[in-house]
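Structural description and commentary
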Amino acid sequence: MHHFHLKNGSLQVEGLSVSSLAQKHGTPLYIYSQTTLENHFDRLDQALAPLDHVICFATKSNCNLSVLRTFAKKGSGFDVTSAGELYRVLKAGADPQKISFVGVGKTEAEIAYGLKSNVYTFIVESEPELHQINAIAKKLKKRAPIAFRVNPNVDAKTHAKITTGTYANKFGIAFEEIEPLYARASKLSNIEIRGVQMHIGSQITDVKPFVLAVKKMIPLVQTLKSKYGIQFFDIGGGMGIIYKEALASGTPQWWKKNKKVLHPALYAKELLPLLKPLGLRIVVEPGRYMVGNAGILIAETLYIKKTGKKNFVIVDTAMTELIRPTLYESYHEIVPVNKITGKEISSDVVGPVCESGDYFAKDRMLAPYKKGDLMALMSAGAYGFVMASNYNARPRPAEILVKGKKAIVARKRETIQDLLRGEV
Ligand SMILES: *Cc1c(COP(=O)(O)O)cnc(C)c1O
């Protein structure tokens, strides 16, 4: 569910018109719905209510301060992958005891920062990293709380660039090696074994891979609980969202017709019976589910270019603002911000960047856009702005957060002068 809808053919975000926001703040423009963010958190929180649980929002999916603050106010925890993300969530008011520090390549400085900030746990992904954390904790006269990331070797059947839970990728520690590793970790002076974690991939739209992985983990989790008294089992993130019918999926009618789609109640219904008997705190790390459908990216049409074969809609927004189509071959629904009449026409939507990978859609039936028409790239809230770059010396766009009839500039648009900062 989300709070973007059409009113007399014009796109609205909560109580505001998208076209007036675009007029006021310019394009390219990211717009987030705060009610949608809150609603996503609440629905998952309620679904998991029978468990002692912590939702650790995967900060990497959207690390705008105002977005993080929205979640922190709800009592969300955070999953951070770098010192930069840790700094951001602390600034946003996160409770350090709900912060999990993940990532395969934490530097010494990052480990020290995590320890000094009193994070709830480090998620450790290799034995050398364990020793590094132990050594730094010793130096700081602290005990480092850790959990190992187990690779359950379950194929989440998602895109190759976002599958993480098989032995063919760099994440986690092989299932077979994990017990001896916990035994060795338990002997280190400055390590406190606190839990165990897994994360099998992203944009998983079927509950089966989660069930398979959790089932595979259960005997191990029980052993770790009895041997080392672990407190928590972190089952990772990865819940998928609707990309194909993004606008329609904002209505209850759509959800009635599409009963099989993965949503928090279904996820909980399948997983609760497995998790509840463990008697542990359950941590989840959703990113995309929390923010994906809560954000859109607005582009303005600059030119229509008809080659013999194609109708190119050239917009002012590019892969520098949203790289997902070219990086993951992902689909974003494209919706006219104001009603466009006339027959749909097969079009390519492309940006101004000098790369043939700079596109949002290829051979897609779209309204006949003309110069000046605005379009919304739907479901752009996750892995959108965070992956924005300054390639082609393009300033990064503004981000707007809307709640009801109120909009705030959550991040100012960069200027071309900003881009020179730090250069000589
Ligand atoms: C990226 C990531 C997540 C979030 O994944 P989503 O698919 O956005 O839910 C959670 N945990 C870890 C360890 C990750 O790397």
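Residues numbered from 1 in each chain as written. Predicted model: local features only at pLDDT ≥ 70, side-chain atom pairs only at ≥ 80, totals over all residues. Heavy atoms only, no water.

**Comments concerning the site of the ligand**
Just so we agree on the cut-off: Near, as used in this document, describes a residue that has one of its heavy atoms within 4 Å of the molecule or strand being considered. Under the rule applied, a polar contact is a pair of N or O atoms within 3.5 Å (in protein, one hydrogen donor and one hydrogen acceptor; residues adjacent in sequence only if both atoms are side-chain atoms). Only the protein chains shown count as cover for residues, and all accessible areas are computed by the Shrake-Rupley method using a 1.4 Å probe. Throughout, the ten residues Ala, Val, Leu, Ile, Met, Phe, Trp, Tyr, Cys and Pro are labelled nonpolar, Asp, Glu, Lys and Arg are labelled charged, and all others, Gly among them, are labelled polar.
The local shell around the ligand holds 13 residues, among which Lys 60, Ser 202, Glu 285, Arg 288 and Tyr 383 are the closest. The separation between an oxygen atom of the ligand and a polar side-chain atom of Tyr 383 is 2.5 Å. Its free accessible area being 390 Å², the ligand has 93% of it covered by the protein chains. In the shell around the ligand, the residues fall into three nonpolar, six polar and four charged.

**Description of helix 7 (residues 178-185)**
In an α-helix, one full turn covers 3.6 residues, which means residues spaced three or four apart are oriented alike. Condition: Residue exposure (1.4 Å probe, protein chains only): buried if accessible area is under 20% of the type maximum, exposed if over 50%, otherwise partly exposed. By definition, any uninterrupted DSSP run of H or I lasting at least four residues is a helix, any uninterrupted run of E lasting at least two residues is a strand, and each is numbered from the N terminus. Directions pointing from the helix axis toward each C-beta atom define the arc. Contact between two residues is taken to exist if any of their heavy atoms lie within 4.5 Å; hydrogens are not considered.
Residues of helix 7 that are buried: Ile 178, Leu 181, Tyr 182 and Ala 185. Down the axis of helix 7, the sector holding all buried residues measures 100°, keeping them to one side. Buried residues in helix 7 make contact with helix 6 (127-139), strand 9 (144-151), strand 10 (173-174), strand 11 (191-197) and helix 8 (208-228).

**Considerations on the environment of Ile 55**
Note on placement: Ile 55 falls in strand 5 (residues 53-58). Since its relative accessible area comes to 3%, Ile 55 is described here as buried. C-alpha separation for the pair Ile 55 and Phe 78, spaced 23 residues apart in sequence, amounts to 7.4 Å. Here Ile 55 is in contact with Phe 41, Leu 44, Asp 45, Ser 76, Gly 77, Phe 78, Val 284, Pro 286 and Met 290, once residues within four sequence places are set aside.

**Quick look at the domain arrangement of the chain**
In plain terms, the rule: Domain start and stop points were drawn from an automatic or database domain assignment. Note: buried area is the sum, over both parts, of the accessible area (probe 1.4 Å) each one loses when the two are combined. A pairing counts as a salt bridge when a side-chain nitrogen of Lys or Arg comes within 4 Å of a carboxyl oxygen of Asp or Glu.
Annotation of the chain at the domain level lists domain 1 (4-29 + 293-420) and domain 2 (34-290). Placing the centre of domain 1 and that of domain 2 at their C-alpha centroids yields a distance of 31 Å. Opposite the 30 residues of domain 1 that make contact, domain 2 presents 25 residues. Summed over both partners, the interface of domain 1 with domain 2 buries about 2,400 Å², with 54% contributed by carbon and sulfur atoms. Summed over the three residues of domain 1 that lose the most area to domain 2, namely Asn 293, Tyr 383 and Leu 401, the buried surface amounts to 25% of that side. The tally of links from domain 1 across to domain 2 stands at one salt bridge. For Glu 38, the salt bridge is made with Lys 403, and the minimal N-O distance between the two is 2.6 Å. Linking domain 1 to domain 2 there are eleven residue pairs in polar contact (both at pLDDT 80 or more). Of all the secondary structure elements, the ones that give two or more residues to the side of domain 1 that touches domain 2 are strand 1 (4-7), helix 12 (324-328), strand 20 (398-403) and strand 21 (406-411).

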